[in-house]
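Each chain, written out:
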Amino acid sequence: IFASFLVLFAVAPAGIYFGGNWMRPLGFEWHDVWVVDLMPDGSMKDPEIAARQTREFLSLLSEARAYPGVVAAAGGSSSPYHSSTWTNTTDLKSGGTVSMHMSWAGDGFFEVMRMPLVAGRGFEPEDAALDWVPLVIDRELARDLFGTEDPIGKMPPYGADSEPERFRIVGV
């Protein structure tokens, strides 16, 4: 009887929960997407090493884009659901807190992953010349930070203590 109880009230709900997650859209397409991991050597704090590695990365990205059969290529610090993100927790005006999981992504990332944006734009090559960092956030974070206001062009609380003008939201 205990085994029947366990199956009925523990295993079955877990199966329903995970089955529901399996059927839920991911928000991106993983078919025909390759991930290549590059591990930088040396300290990225050294300007010469960082500049050399940036040049090498951009050269590799250019070669990948030129390769026959490649439709699009982009750079990023991690692919979706990869464990390589950094986290920031910030206080909301409403009194609560929100935790933000962040990754770096370059121009073309949303096209490669076929991630539709609901507002604003993705990253563009011209962003490298900006004196602020463009951000793309998800709908849930936009709602948590700004309620029903349009977040495009706004500065998020992240980094607000020291450099509030450093970041701007360009897409959702």
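Residues numbered from 1 in each chain as written. Predicted model: local features only at pLDDT ≥ 70, side-chain atom pairs only at ≥ 80, totals over all residues. Heavy atoms only, no water.

Turning next to the packing of aromatic side chains. All told, the structure shown has four aromatic pairs when counted by the stated rule. Between Phe57 and Trp104, the ring centres sit 6.2 Å apart and the planes meet at 70°, which makes this aromatic pair edge-to-face. One end of the pair, Phe57, is in helix 2 (residues 47–66); the other, Trp104, is in the loop between strand 2 (97–102) and helix 3 (109–112), and 47 residues separate them in sequence. Overall, the relative accessible area of 25% leaves Phe57 in the partly exposed class. Judged by relative accessible area, which is 41%, Trp104 ranks as partly exposed. The interplanar angle of 35° and the centroid separation of 5.6 Å between the aromatic rings of Phe110 and Phe123 together place this pair among those described as tilted. With a gap of 13 residues between them, Phe110 in helix 3 and Phe123 in the loop between helix 3 and strand 3 (133–136) connect regions that are remote in the sequence. The pair Phe110 / Phe123 is uniform in exposure class, with both members buried. Here the aromatic cluster, defined as three or more aromatic residues joined through ring pairs, consists of Phe109, Phe110 and Phe123. Seen from the ring of Trp132, Arg168 lies directly overhead, with NZ or CZ sitting 5.1 Å from the centre. (Phe/Tyr/Trp six-rings, centres within 6.5 Å; stacked < 30°, edge-to-face > 60°. Helix = DSSP H or I, 4+ residues; strand = E, 2+ residues; numbered from the N terminus. Buried < 20%, exposed > 50% of the residue type's maximum accessible area, 1.4 Å probe, protein only. Lys NZ or Arg CZ within 6 Å of the ring centre and 35° of its normal.)

All right, on to the pairing of strand 1 (residues 86–91) then. Within a regular strand, the side chains alternate between the two sheet faces. Looking at chain direction, strand 1 and strand 2 are connected through six bridges and run antiparallel. Note that in strand 2 the partner of Thr90 across the bridge is Val98. (Pairing = 2+ DSSP bridges.)

The subject of this paragraph is unusual backbone geometry. In this model, Arg114 sits at a positive phi of 50°, which is unusual for a non-glycine residue. One can find Arg114 in the loop between helix 3 and strand 3. The class of Arg114 is partly exposed, set by a relative accessible area of 40%.

Before going further, it helps to examine the pattern of salt bridges. Under the counting rule described, the total for this entry stands at five salt bridges. Here Arg65 makes a salt bridge to Asp107, at a shortest N to O gap of 3.4 Å. With a gap of 42 residues between them, Arg65 in helix 2 and Asp107 in the loop between strand 2 and helix 3 connect regions that are remote in the sequence. Residue classification places Asp107 among the partly exposed residues on the basis of a relative accessible area of 24%. One salt bridge connects Lys154 with Glu149, and the closest N-O pair in it is separated by 3.5 Å. Each of Arg121, Glu124 and Asp127 takes part in salt bridges that share partners, so that together they form one network. (Salt bridge = Lys/Arg side-chain N within 4 Å of Asp/Glu carboxyl O.)

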